[in-house]
Amino acid sequence: MPAVPCPAKLNRFLAVLGRRADGFHELELVTTVLEDVPDLMDRLEGEPAAELSLTITGPMSAGLAAGETNLVIKAWRLLEEAAGRSLPAALRLEKRIPHGAGLGGGSSDAAAALKLGNTLFRLGLEDSVLLGLAMRLGSDVPLFLLGGTVLGLGRGERVFPLRPVPLEPILLVHAHLHVSTPSVYRALQDVGYPFPEPLVSQQPGMAPPWRNDLTGAALWVCPPLAEVRDALRDTGGEPLLCGSGGCWAARYASDQARDVAAERISSHPGGWRLWRL
Ligand code: C5P
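Here is a short report on the structure shown in this document. (Residues numbered from 1 in each chain as written. Predicted model: local features only at pLDDT ≥ 70, side-chain atom pairs only at ≥ 80, totals over all residues. Heavy atoms only, no water.)

Summing up its helical and strand segments, the protein has 8 helices and 12 strands in all. Over its C-alpha atoms, taken along the principal directions, the protein stretches across nearly 55 × 40 × 35 Å. Taking contacts inside the protein between residues at least 6 apart in sequence as the whole, the part at least 24 apart equals 73%. Between the averaged position of the 26 positive side-chain charges in the protein and that of its 30 negative side-chain charges there is a distance of 1 Å. (Helix = DSSP H or I, 4+ residues; strand = E, 2+ residues; numbered from the N terminus. Contact = heavy atoms within 4.5 Å. Lys, Arg positive; Asp, Glu negative; His and termini not counted. Charge placed at Lys NZ, Arg CZ, Asp CG, Glu CD.)

A side chain with one charge may pair with a side chain of the opposite charge, provided their charged atoms come close. In this structure the tally under the stated criterion is 20 salt bridges. Taking the shortest distance from any N to any O, the salt bridge between Arg77 and Glu68 comes out at 2.7 Å. Overall, Arg77 belongs to the partly exposed group, its relative accessible area being 35%. You can call Glu68 partly exposed: its relative accessible area is 47%. Linking Arg136 and Glu81 is a salt bridge whose minimum nitrogen-to-oxygen distance equals 3.2 Å. Separated by 55 residues along the polypeptide, Arg136 in helix 3 (residues 127-137) and Glu81 in helix 1 (residues 71-83) bring together distant segments of the chain. The exposure class assigned to Arg136 is exposed, which follows from its relative accessible area of 52%. (Salt bridge = Lys/Arg side-chain N within 4 Å of Asp/Glu carboxyl O. Buried < 20%, exposed > 50% of the residue type's maximum accessible area, 1.4 Å probe, protein only.)

Mapped onto the fold, Trp272 is located in the loop between helix 8 (255-266) and strand 12 (273-276). Counting along the chain gives 213 residues from Trp272 to Pro59, while the straight-line C-alpha distance between them is 14 Å. Not counting the four nearest positions on each side in its chain, Trp272 is found in contact with Val173, His174, Ala175, His176, Glu227, Val228, Ala231 and Ile265.

Turning our attention to the site of the ligand. All residues in the neighbourhood of the ligand are listed as Gly23, Phe24, His25, Leu27, Gly138, Ser139, Arg155, Thr181, Pro182 and Tyr185. Here a nitrogen atom of the ligand and a backbone polar atom of His25 are 2.8 Å apart. In this structure, a nitrogen atom belonging to the ligand sits 3.0 Å away from a main-chain N or O atom of Arg155. Here the ligand, which alone exposes 450 Å², has 72% of that area covered by the protein. The set of elements that each furnish at least two residues to the shell around the ligand consists of strand 2 (25-34) and helix 5 (181-191). Classifying every residue of the shell around the ligand by side-chain character gives 4 nonpolar, 5 polar and 1 charged. The residues that make up the shell around the ligand include at least three from each of domain 1 (3-162) and domain 2 (170-276). (Near = heavy atom within 4 Å. Polar contact = N/O pair within 3.5 Å; in protein donor to acceptor, adjacent residues only side chain to side chain. Areas by Shrake-Rupley, 256 points an atom, 1.4 Å probe, with all protein chains shown as cover. Nonpolar A, V, L, I, M, F, W, Y, C, P; charged D, E, K, R; others polar. Domains from an automatic or database assignment.)

Moving on, we get to the packing of helix 1 against helix 3. For the pair helix 1 and helix 3, interaxial distance at closest approach is 10 Å and the crossing angle is 135 degrees. Compared by their axis directions, helix 1 and helix 3 come out oblique. Remark: the crossing between helix 1 and helix 3 carries right-handed chirality. Residues Leu71, Lys74, Ala75, Leu78, Leu79, Glu81 and Ala82 of helix 1 form the contact with helix 3, whose participating residues are Leu130, Leu133, Arg136 and Leu137. Here the contact of helix 1 with helix 3 is composed, by residue class, of 8 nonpolar, no polar and 3 charged. (Axes fitted to C-alpha atoms, helices over the stretch in contact; angles between N-to-C directions. Parallel < 35°, antiparallel > 145°, perpendicular 65-115°, else oblique. Left-handed = near helix turned anticlockwise from the far one by under 90°.)

Following this line, the structure appears as structure tokens:
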């Protein structure tokens, strides 16, 4: 059965440049698509069938709806619109990326659905058409069509390939905290940070800083995030919130320092989930 991998993403740089009239925020992002982390990757497979269906399995499938609200089905409906016909298929999604964690799992699944449907039904839709559909699905969907290291502008949906930025030794921690993205963006007003000037896209070749401007707002919405950040700091890591939360990615000076930290964090009574990147 044809299958498409759905990797997670890591925003190593996320600047919020301002609030727009349409309610979205103007962003500048540098995102790495984590193409080499098998235990942090969803997988979408499918074959033509009498009608469209979606089955969700895997360690992170609990509580996920498989109906019209699922981004895979929404992506499929957009493909049908573009193709001008129905595309009945039996789809199976294996979930390993936690949802609501800032790792882009749902967006990656949606991008995979666009690719899978295009191949499975030989639609021959050009990359530019798929990118247009991806933008309609969500700000983070287009970057997964590009892969690699990506500069995101606008609300994040205008994507440009960047030369790869090598990742430092990183420990990714999911403390089972789920944060709602819209509430974090709303909280930006409560936190009241001044908006900074654009940075990365103005200085070609500059290594993007380890920075996420949504951190203060996410801590405002979900105070328990601070416990995870502090635990990572205590191990000598430099924690960075993933997207709007709730995962943290901590970078370390060496693989050894990261591995020692992983040992310590894995004994936390909260049963936190860890990945080494
Ligand atoms: O585009 P997406 O569906 O992922 O956005 C989810 C929500 O996050 C939006 O409804 C909006 O509240 C907020 N958002 C924003 N500015 C962005 C991206 C998302 O305000 N650039």
